[in-house]
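For reference, the chains in residue letters:
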Amino acid sequence: MSSSQKEMQSVVAASTFAGGSSALDNSQDIPELLLKNQLCFPLYSASKEVVRRYTPLLKPFGLTYTQYVTMMVLWEHRSLDVSELGKFLHLDSGTLTPLLKKLESKGYIARQKTNADGRRLIVSLTESGSQLKQQMKDVPHQIGSCVKLTSEDAEELRRLLNKILAPVDEG
């Protein structure tokens, strides 16, 4: 087990018991099974809430949150192999394929098999996909006003979340 995995286990263990227990708890014998003691649940709930807040901001552009973050990666890289795109987004090809088909049907991306290896699929921005970037430039500022964190808290949260994802990225 790597040192980052051991560190992650200690963080999860510490957070599990951080909530303590009250006299009203019926499961004091197994405090790690109390929802309030879980790290995973606030992560899950916060993620769901952020995606919910993005929905009305993305609706005018006809994008889902996952399509939006896919476009963000492509705005940064212009063209990527599907497997590289999946690594950036932490998505498998079964999830990515229908998402890319939707973006292609909207005219934002083009998918093309390479000549060298017909099994390799390259995803590239179209002109329309590139223009969408300028149209969506206010979305990050709009979502920032919905999430009440100082810039320092937001940076610390990003750092901690990236620390959680580091073993996945190394994988």
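Before reading on, note that the structure itself is shown above.
Residues numbered from 1 in each chain as written. Predicted model: local features only at pLDDT ≥ 70, side-chain atom pairs only at ≥ 80, totals over all residues. Heavy atoms only, no water.

### Brief notes about the packing of aromatic side chains
For clarity, the threshold we go by: Any two of the Phe, Tyr and Trp rings considered here, Trp counted by its six-membered ring, make a pair once their centres fall within 6.5 Å; the pair's planes then place it as stacked at under 30 degrees, edge-to-face at over 60, or tilted in between. A helix here means a DSSP run of H or I that spans at least four residues, while a strand means a run of E at least two residues long, and both kinds are numbered starting from the N terminus. Burial here depends on accessible area, computed with a 1.4 Å probe over protein chains only, as a share of the maximum for the residue type. Under 20% is buried, over 50% is exposed, and the range in between is partly exposed.
Using the criterion set out here, one finds 3 aromatic pairs in the structure. Arranged with centres 6.2 Å apart and planes meeting at 40°, the rings of F41 and Y44 form a pair that is tilted. Taken together, the residues span about one helical turn, with F41 and Y44 both in helix α2 (residues 40-58) at a distance of 3 residues. In this structure F41 comes out as partly exposed when scored by relative accessible area, which is 34%.

### Focus: the layout of surface pockets
So the rule is basically this: The definitions used throughout rest on a 1 Å grid laid over the protein atoms alone, on which a cavity is an enclosed set of points accommodating a 1.4 Å probe that cannot get out and a pocket is an open set flanked by protein within 12 Å on both sides along at least five of seven lines; lining residues are those having an atom within 4 Å of a point. Grid points are joined across faces, edges and corners, and a volume is the space filled by probe spheres set on the points. Gly is placed with the polar residues, together with every amino acid not listed as nonpolar (Ala, Val, Leu, Ile, Met, Phe, Trp, Tyr, Cys and Pro) or charged (Asp, Glu, Lys and Arg).
Of the pockets and cavities examined, the largest pocket occupies roughly 1700 Å³. Around the largest pocket sit 33 residues that line it, and V50, Y54, Y65, R158 and L161 are the ones nearest its centre. The set of elements that each furnish at least two residues to the lining of the largest pocket consists of α2, α3 (65-77), α4 (82-89), α7 (139-146) and α8 (151-170). A class-by-class count of the residues in the lining of the largest pocket yields 24 nonpolar, 5 polar and 4 charged.

### Here we look at a nonpolar patch on the surface
Short version of the rule: What makes a patch is a set of residues exposed beyond 30% relative accessible area and free of salt bridges, joined within 9 Å when like-charged and within 5 Å when nonpolar (Val, Leu, Ile, Met, Phe, Trp, Tyr). Note on areas: these come from Shrake-Rupley sampling with a 1.4 Å probe, and a residue is covered only by the protein chains present in the view. Note on definitions: salt bridges are taken to be side-chain nitrogens of Lys or Arg within 4 Å of carboxyl oxygens of Asp or Glu.
A contiguous nonpolar patch, built from L43, L149, L157 and L161 and spanning about 290 Å² of accessible area, is present on the exposed surface. Within the element layout of this structure, L161 appears in helix α8.

### A short note on the packing of α2 against α7
Here is the rule we go by: For helices, the axis comes from a line fit to the C-alpha atoms of the stretch in contact; other axes are also lines fit to C-alpha atoms, and the angle between any two N-to-C directions lies between 0 and 180 degrees. Roughly parallel refers to an angle under 35 degrees, roughly antiparallel to one over 145, roughly perpendicular to one between 65 and 115, and oblique to any angle outside these ranges. Two helices crossing with the near one rotated counterclockwise from the far one by less than a right angle form a left-handed crossing, whereas a clockwise rotation gives a right-handed crossing. In what follows, residue pairs with any heavy atoms lying within 4.5 Å of each other are defined as contacts.
The contact between α2 and α7 brings their axes to 10 Å, and the two run at 135°. When the axes of α2 and α7 are compared, the pair comes out oblique. Crossing hand, α2 versus α7: right-handed. Taken together, the residues of α7 that come into contact with α2 (itself represented by V50, R53, Y54, L57 and L58) are V139, Q142, I143 and C146. Taken together, the residues that form the contact of α2 with α7 break down as 7 nonpolar, 1 polar and 1 charged.

### Topic: the side chain of T126
Residue position: T126 is located in the loop between β3 (121-125) and α6 (127-135). Contact partners of T126, with chain neighbours within four places excluded, come to G107, Y108, I109 and A110.

### Quick notes on the sheet that holds strand β1 (residues 79-81)
We apply this condition: Pairing between strands requires that DSSP locate at least two bridges from one strand to the other.
With antiparallel pairing, the 3 strands of this open sheet are ordered in space as β1-β3-β2. On the outer flanks of this sheet lie β1 and β2 (109-113), each paired with one strand and no other. Within the sheet, the average angular offset between the axes of one strand and its neighbour, ignoring direction, is 20°. Pairing between β2 and β3: 5 bridges, direction antiparallel. Bridge assignment links Q112 to a residue of β3, and that residue is I122. Lying over the sheet, α3 contacts β1, β2 and β3, oriented at roughly 85° with respect to β3. Sitting on the sheet, helix α5 (residues 93-105) is in contact with β2 and β3, with an inclination near 120° to β2.

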